[in-house]
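Structure assessment
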Amino acid sequence: MSTKLAARSKREAVYEWILACIVEGEFAPNTPLVIDELARNLDISPIPVREAMQQLESEGFVVIRPYTGVMVADLKPSMITEIFGLLETAEIISGRMACINICDDELAEVEMLLTEMDDLIDDPDRWSQANTQFHQLICTCSGATLVAEIMAHMLLHWDRVRRHYLDDVFGKRIEKAHQDHWKMLDAIKAQDADRLEAVVRDHNRSALRDYISYLHRSGYSDEQVPVIWDLSF
């Protein structure tokens, strides 16, 4: 049993390290990842590295091609539309469920986190980490376990896109986004699921509108970053 646990822990550690390198941009899009070379650098056998790659492929962070090897997944600006669509859906489901299921202690925990985030407005990276905690905490309090898994993966993909394309504009949106978080909490406290959904839609679509506008101003065409629904909400 202890051997199996040790092997599992090693695989998870390798997975988390490679994932962090991909999300933070140390392993750039389309970079080849040689399993044997990574294993030598980490001073481990190739088995946990190979297992980690299989998990990363299932989550969309690497591509494994027969006879070619592993490559970091491409990162196209158009992914932002897909990511925000999925985040909006996940946040609505978990938020509406939280309006029903959240308890007083959990409400206090969410409020404490938002209060801590009040002091991170001028620190985009730390605020972004706390933002991930906020949305995952809402999922946990809601009991939406399947949504929580989707949310976690989408937030990682968003962090990757944000670091690669949108760091210049991300910091300018933090204050508005943080105000929206307080509005979400107020709606959940009031058990007003319809108001919560309206806040979430505006939160995501106003962000997506600003990011797409920024990408267009940066030279990306409508074909590269399409607007696939009405963002005037």
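**As for the sheet that holds strand 3 (residues 69-72)**
Pairing in this open sheet of three strands is antiparallel, and the strands run 1-3-2 from one edge to the other. Looking at which strands have only one partner, the edges of the open sheet turn out to be strand 1 (32-33) and strand 2 (62-65).

**Some details on the layout of surface pockets**
As a volume, the largest pocket reaches approximately 270 Å³. Lining the largest pocket we find 15 residues, and of these Val-23, Gln-129, Thr-132, Leu-156 and Asp-159 sit closest to its centre. Residue assignment for the lining of the largest pocket shows that the elements contributing at least two residues are helix 1 (2-23), helix 6 (124-142) and helix 7 (145-189). Here the element with the most residues in the lining of the largest pocket is helix 7; it accounts for six residues. Looking at the lining of the largest pocket residue by residue, the class counts come to seven nonpolar, four polar and four charged.

**Let's talk about the packing of helix 7 against helix 8 (residues 193-217)**
Look at helix 7 against helix 8: their axes get within 10 Å of each other, and the N-to-C directions meet at 160°. In terms of axis orientation, helix 7 runs roughly antiparallel to helix 8. In the crossing of helix 7 with helix 8, the sense of the turn from one axis to the other is right-handed. Among the residues making up the contact of helix 7 with helix 8, the classes are represented as 16 nonpolar, three polar and nine charged.

**A look at the nonpolar core**
Ile-80, Val-110, Phe-134, Trp-158, Leu-166, Ile-188 and Tyr-211 are the most contacted members of the largest nonpolar core, which totals 51 residues. Residue assignment for this core shows that the elements contributing at least two residues are helix 4 (79-101), helix 5 (104-118), helix 6, helix 7 and helix 8. If one sorts the elements of this core by residue count, helix 7 sits on top with 16 residues. The residues contacting Ile-80, other than those within four sequence positions of it, are Trp-158, Val-161, Leu-166, Leu-208, Tyr-211, Leu-215 and Val-225. Phe-27, Leu-33, Met-53 and Val-62 belong to the second largest nonpolar core, which has 21 residues in total.

**Regarding the pattern of salt bridges**
Under the definition given, this model contains 15 salt bridges. Ionic pairing is found between Asp-210 and Arg-173, a salt bridge with its closest N-O pair at 2.8 Å. With Asp-210 in helix 8 and Arg-173 in helix 7, this residue pair connects regions lying 37 residues apart in the sequence. Between Asp-180 and Lys-176 there is a salt bridge; the shortest N-O distance is 2.9 Å. Taken together, the residues span about one helical turn, with Asp-180 and Lys-176 both in helix 7 at a distance of four residues. By sharing partners, the salt bridges in this structure join Glu-88, Arg-96, Asp-194, Glu-197, Arg-201 and Arg-205 into a single network.

**What to know about unusual backbone geometry**
You will see that Asn-30, though not glycine, has its phi angle at about 70°, which is positive. Here Asn-30 shows up in the loop between helix 1 and strand 1. Overall, the relative accessible area of 39% leaves Asn-30 in the partly exposed class. Phi at Tyr-67 is positive, roughly 70°, even though this residue is not glycine. Turning to its location among the elements, Tyr-67 is positioned in the loop between strand 2 and strand 3.

**Considerations on the pairing of strand 2**
Bridging between strand 2 and strand 3 involves four bridges; their strand directions are antiparallel. When the sheet's bridge partners are listed, Arg-65 is paired in strand 3 with Gly-69. In this antiparallel pair of consecutive strands, strand 2 and strand 3, the connection spans three residues, and Tyr-67 shows a positive phi of 70°.

**So, empty space enclosed by the protein**
One pass over the full model with this rule turns up two cavities of 30 Å³ or more. If you add up the space inside the largest cavity, you get close to 190 Å³. If you trace the largest cavity, you find 17 residues lining it, with Phe-84, Asn-131, Trp-158, Ala-177 and His-203 closest to the centre. Elements represented by at least two residues in the lining of the largest cavity include exactly helix 4, helix 6, helix 7 and helix 8. Top contributing element to the lining of the largest cavity by residue count: helix 7, with seven residues.

Quick notes on the rules
- For every chain, the first residue of the written sequence is number 1, and numbering continues from 1 along that sequence.
- Restriction of local features to residues with pLDDT of at least 70 applies here, the model being predicted, together with a cutoff of 80 or more for giving and counting side-chain atom pairs; totals for whole chains, interfaces and linings are based on all residues.
- To get the side-chain values, take all heavy atoms of the structure and skip hydrogens and water.
- Here the rule is simple: two strands pair whenever DSSP picks up at least two bridges between them.
- Only DSSP runs of H or I with at least four residues qualify as helices, and only runs of E with at least two residues qualify as strands; both kinds are numbered from the N terminus onward.
- In this analysis a 1.4 Å probe is tested at points of a 1 Å grid over the protein atoms alone, and where it fits but cannot get out there is a cavity; an open set with protein on both sides within 12 Å along at least five of seven lines is a pocket; lining residues have an atom within 4 Å of a point.
- Grid points are joined across faces, edges and corners, and a volume is the space filled by probe spheres set on the points.
- Any residue outside Ala, Val, Leu, Ile, Met, Phe, Trp, Tyr, Cys, Pro, Asp, Glu, Lys and Arg is labelled polar, Gly included; the first ten of those are nonpolar and the last four are charged.
- Axis definition: a line fitted to C-alpha atoms, over the contacting stretch in the case of helices. Angles run 0 to 180 degrees between N-to-C directions.
- Roughly parallel means an angle under 35 degrees; roughly antiparallel means over 145; roughly perpendicular covers 65 to 115; every other angle is labelled oblique.
- Left-handed describes a crossing in which the near helix is turned anticlockwise from the far one by less than a right angle; the clockwise case is right-handed.
- To form a nonpolar core, buried Ala, Val, Leu, Ile, Met, Phe, Trp, Tyr and Cys residues must be joined to one another through side-chain atoms within 4.5 Å.
- Burial here depends on accessible area, computed with a 1.4 Å probe over protein chains only, as a share of the maximum for the residue type. Under 20% is buried, over 50% is exposed, and the range in between is partly exposed.
- In this analysis, two residues are considered to be in contact whenever any of their non-hydrogen atoms come within 4.5 Å of each other.
- Here, a salt bridge means any Lys or Arg side-chain nitrogen found within 4 Å of an Asp or Glu carboxyl oxygen.

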